[in-house]
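# Topology and contacts: notes
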Amino acid sequence: MADSVAMLDGAPQIAAAAPGRSTRWDVARRLWRHRSFRFGLGLFAIVIAAAAFAPWISPIEPNKLAMRARFLPPSWDHLFGTDNFGRSQLARVVYGAQLSLMIGTAVVVINAVFGALIGALAGYFRQLDNMVMRVNDAVMAFPAVLLAIGVAAVLGRSTPNMILALSVVYIPRTARIVRSSVIVVRQMEYVQAAVAAGAGHWRILRRHILPNSMAPLMVQLSFLFAYAVLTEATLSFLGLGAEPPTPTWGNIMAEGRQYMREAPWIIAIPGAALAITVMALNLLGDGLRDVLDPRLRVQQ
Amino acid sequence: MGRVIFNRIAGAVPVILLVTLITFGLMRLIPGDVSAALGGISSTPAEREAIRKNLGLDEPAHVQLFKWYGGLVRGDLGRSHFLGKDVTQATFERLPVTVSLSAYSLVLTLLFGLLSGIVAALRQNTWVDQAAMMFAMIGVSMPNFWLGLMMIVLFSVHLGWLPTGGYVPFTQDPVGWLRSCTMPAISLAMLQIGLLARITRSTMLEVLRQDYVRTARAKGLPNYLVVGKHALANALIPIVTVIGIVVSLLISGAVVTETVFSIPGVGQLLTSAILNRDYPMIQGGLLYITLLLVGINILVDVAYAWLDPRVRYDGG
Amino acid sequence: MSLLSVRNLQVLFATENGEVAAVDDITFDLAEGEVLGIVGESGSGKSVTALSIMGLLPRPPARIGRGSVMFEGENLLTYGERAMRRIRGPGIGMIFQEPMTSLNPVFTIGDQIMETVRVHEGVGKAAQRDRAIQMLARVGIALPERRLDDYPHQLSGGMRQRVMIAMALICRPKLLIADEPTTALDVTIQQQILELLLDLRDEFRMAIMIITHNMGVVAEMADRVIVMYAGKIVEQAPIGALFRQPSHPYTRGLLDSIPSLADDRERLKTIPGTLPNPSALPPGCRFEPRCAWRVAACIASVPPLVAVEPEHHSACIRHGELAAR
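Before going into details, it helps to say that this report is about the structure given with it. Since the model is a prediction, treat every value here as computed from it, not as a measurement. (Residues numbered from 1 in each chain as written. Chains lettered and ligands numbered in written order. Predicted model: local features only at pLDDT ≥ 70, side-chain atom pairs only at ≥ 80, totals over all residues. Heavy atoms only, no water.)

From N to C terminus, chain B includes 13 helices and two strands. Expressed along its principal axes, the backbone C-alpha trace of chain B runs to roughly 85 × 55 × 35 Å. Taken across its 316 residues, chain B has 51% of its residues classed as buried. For chain B, the accessible area works out to roughly 13600 Å², and carbon and sulfur atoms hold 69% of it. (Helix = DSSP H or I, 4+ residues; strand = E, 2+ residues; numbered from the N terminus. Buried < 20%, exposed > 50% of the residue type's maximum accessible area, 1.4 Å probe, protein only. Areas by Shrake-Rupley, 256 points an atom, 1.4 Å probe, with all protein chains shown as cover.)

Following this line, the structure appears as structure tokens:
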């Protein structure tokens, strides 16, 4: 790596002339300049708006039955068509967005707190590290979706249980990422200096280590949001999510599956909404990684 | 090399112990009285007692744990009350189906994931690169069950090219196997293709910048040797570690895909066990799949060591 | 006729601030069997010059602006990739600064040497092996038959550089370009490698272009020296003349800062300032902002290379006064 710079000899002097430490504004500007980040942000804003303004977008209730309006294909009156009970698919999809985002947010918050805490403690107190990481490894040995299925199946179907199942699966993954960046930060000179100056553990963790491990955590959380939304839909498609008739994207697709010959829009639209949401989050994650995580910045 | 293999296997032992312990503990998370839940509201106390006995819930926890490990060693993970079969037997009957589907999918993943990642890296910042990365981004964002359903609608319902579901064993009819497995394998592979393409691209870009690639060019080697030998051999080392993750995703994905395409594999076994609250089957299926993955990861680690002489000779 | 003849070479790099010239209007010759030293700080354009001769610059961002590189009477800049490949190896060999990272870690050194022979000469496996063993022995590696199956990480830094030399010379090139060949090595090993290069020059009758920031290495090796600063040649002279009568303030600065071979870490400490940003070069002499001898005329125009004495050129308008001191 060092030599690829030397290879260009004269040219990279300019790149090196850019300011070394990035300010918050600088990060925001670089994010804004990142094309796919901007695109992801736009898509995600649309999804959030759809969820936030659900009652305005669709004045019809998501569970309102209309037996005379069954299986209507998408049209001007029913933008996303209707299902076997004549329920408005537009209403069900935008209300489904609410639940998806809610579950995603809850999982992200829980991970941010517990994942960061476990990771920071394991990375900082080496005595804890071995034990915590062994358990982490074991949980991560299970394929993520399968473990979530197992936990959700055992706990029974409900939204809080779904959040719990997803958190159990993803916290070790978050913890591991925080831990490795804590280990790196811990060895930095200014942290060593703070230790030498007699600062307490808690102070060092809070003042020096956590703020400097934020970048990888942020990147992880945005990808985690994407996984959580995707896994939630998968589980509720398998009948492990909120009880019907609650409109979750997975539920809608599970119910629509038996009519996919006659009314493919029932599954096509929530799936597309799901794919767009996941893609938006992945694009945001890519942007954050390129801008925030200096180890990977070179790759763009 | 022998020492590397030994180290990896020894390193997996605590993981296996913890994995089995977690699986055991999982079943104790079932809220309320399992026997009541399983037997239904109308079940008599005697019936519930029988269910408890079958699940081994009538004994103290440490005895249960002891029996669990005892059974594990003998390959006895209890009986599926729904199938009326031994869990181990039921799993192993279905395993070949899942393995053949996953293997097909893995082949597609490696072929298209590696290829598009390498091409994108070699044509960095051209339209080829952008198209490949857009495709990869769509791949990692699409729910595989939805893709499967959409493919059924298009290729089976409208065009009538391929069957909507079902499974034909390869040994019985290779063409039939191909017809029955192609759509499931594609829908299953999409995520992993995207993932592998993205990782391959960034790894190749990293490797192509290395000094030894410049040395290879300075020796006057043709491009196919510079890229296909010197760069690729180094890029494969980190890529191989990703294969473990890819296989894990494939197997998780197979659970859902098998349900969508009505393929009688372990995945479908698990989903029907979930619907029927067949707890021993859920537990056993989860455990066997995880142990299979632990084994695959040992193989991946060994392959890693074999590819990287620095690890091969120093024991890593 | 000289072996290598570079005329008015200009190499441009695309950057965020537009195209900048990393190498600007470089002209020099190299005769058969001659050792030419190119000195300058990192960023002066010496490595870019070498890589453009080899056709190894990454394109984009690099681009040849103008000029020619004549090697044995043929302009390499007009060569396509395929033709260039036949030059690399049998025509020009190259070794690099970091023997650690310049060898491929996943192949044995035998494989890496033998493939060069295979590609250029198409001889059989046994012949390749014999050649590799001979060459390894020639560069001073003990028990070459056994070393052939070693991986780079099993060798010391000095051994790796010897392997690199063996690899670069296995097809008997007429010219060896050595880019900072000893910078990454221990002092005692540096000395051995330099001596080895000179021995090989005599034996193979090849020319060497040695790129370094270390005047000590130049003094040891070179017949003639080119001093580069910010992409331009500022002085060019036979080694004796350069040390006897340095005729550019930058060269003087470099000579003043010669440490003993024992310590090259404090290089250039006597020249204050840094290289100018290539996208915002001074209008006149590029060294002017750092120069203790600057006068008003230095800013007015870019000083051309003029003859101080036969074979000795300087790009300083005050070279006469410098010589008088």
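Residue and element names in this part refer to chain C. Bridge analysis of strand β11 (residues 306–309) against strand β12 (residues 312–314) gives three bridges, and the strand direction is antiparallel. Residue pairing for β12: valine 306 is matched across the bridge by serine 314. Joining the antiparallel neighbours β11 and β12 is a turn of two residues, in which glutamate 311 adopts a positive phi near 70°. (Pairing = 2+ DSSP bridges.)

Before going further, it helps to examine the pattern of salt bridges. When their charged atoms lie close together, side chains carrying opposite charge are able to pair. Within the structure shown, the criterion is met by 32 salt bridges over all chains. Here arginine 214 of chain B and aspartate 211 of chain B are joined by a salt bridge, their closest N and O atoms 3.7 Å apart. With arginine 214 of chain B and aspartate 211 of chain B both in helix α9 (residues 211–218) and three residues apart, this pair spans about one turn of that helix. Here aspartate 211 of chain B falls in the buried class, since its relative accessible area comes to 4%. Linking arginine 63 of chain C and glutamate 19 of chain C is a salt bridge whose minimum nitrogen-to-oxygen distance equals 2.8 Å. With arginine 63 of chain C in strand β4 (residues 62–71) and glutamate 19 of chain C in strand β2 (residues 18–30), this pair connects stretches of sequence that are 44 residues apart. Arginine 63 of chain C gets classed as partly exposed once you look at its relative accessible area, which sits at 39%. (Salt bridge = Lys/Arg side-chain N within 4 Å of Asp/Glu carboxyl O.)

Residues and elements named next belong to chain B. Between its first and last C-alpha atoms helix α10 (residues 223–260) spans 45 Å; for 38 residues at 1.5 Å apiece the expected length is 56 Å, and the helix comes up short by more than 12%. Along α10, the helix axis deviates most sharply at leucine 232, where the bend reaches about 45°. Just downstream of α10, serine 262 is the residue with a positive phi angle, here 50°. (Expected span 1.5 Å × (residues − 1). Bend = angle between axes of the 7 residues up to and from the residue.)

This part covers the pairing of strand β9 (residues 224–229) of chain C. Remember that side chains alternate between the two faces of the sheet whenever the strand is regular. All names here are of chain C. Within β9, six of the six residues are buried, which leaves it mostly tucked inside the rest of the structure. Residues Arg224, Ile226 and Met228 line one face of β9 and the alternating positions Val225, Val227 and Tyr229 line the opposite face, and both faces are buried. In terms of strand pairing, strand β3 (residues 35–39) meets β9 through four bridges, oriented parallel. Opposite valine 39, over in β9, you have valine 227 as the bridge partner. Judged from the six bridges that link them, β9 and strand β10 (residues 232–238) form a sheet pairing that is antiparallel. In the sheet register, valine 227 faces β10, and the bridge partner there is glutamate 235.

Let us now look at the interface of chain B and chain A. The interface is formed by 52 residues belonging to chain B together with 50 residues belonging to chain A. Summed over both partners, the interface of chain B with chain A buries about 4300 Å², with 74% contributed by carbon and sulfur atoms. Counting the contacts that link chain B with chain A gives one salt bridge. Run the count over chain B and chain A and you get six residue pairs in polar contact (both at pLDDT 80 or more). Counting residues per element, the ones that place at least two in the side of chain B that touches chain A are α1 (2–27), α6 (127–141), α7 (144–158), α8 (174–208), α9, α10, α11 (266–275) and α12 (279–307) of chain B. It is α1 of chain B that provides the largest number of residues to the side of chain B that touches chain A, a total of eight residues. Residues of the side of chain B that touches chain A, tallied by class, amount to 35 nonpolar, eleven polar and six charged. (Contact = heavy atoms within 4.5 Å. Buried area = accessible area lost by both parts, 1.4 Å probe. Polar contact = N/O pair within 3.5 Å; in protein donor to acceptor, adjacent residues only side chain to side chain. Nonpolar A, V, L, I, M, F, W, Y, C, P; charged D, E, K, R; others polar.)

So, about unusual backbone geometry. In this structure, proline 245 of chain A follows proline 244 of chain A across a cis peptide bond, with omega equal to 10°. Residue placement: proline 245 of chain A occurs in the loop between α12 (214–237) and α13 (249–256). Unlike most non-glycine residues, leucine 143 of chain C shows phi in positive territory, near 50°. With respect to the element layout, leucine 143 of chain C can be found in the loop between α5 (125–138) and α6 (144–147). For glutamate 180 of chain C, which is not glycine, the phi dihedral falls at a positive 50°. Inspection of the secondary structure puts glutamate 180 of chain C in the loop between β7 (175–179) and α8 (187–204).

Let us now look at the environment of valine 219 of chain A. Residue and element names in this part refer to chain A. Along the chain, valine 219 turns up in helix α12. Classification of valine 219 as buried rests on a relative accessible area of 7%. Between the alpha carbons of valine 219 and glycine 287 there is a distance of 8.6 Å; along the sequence they are 68 residues apart. Not counting residues within four places of it along the chain, the set of residues in contact with valine 219 comprises Gly285, Leu288 and Arg289.

The quantities given are spatial measurements derived from coordinates; they are silent on function.
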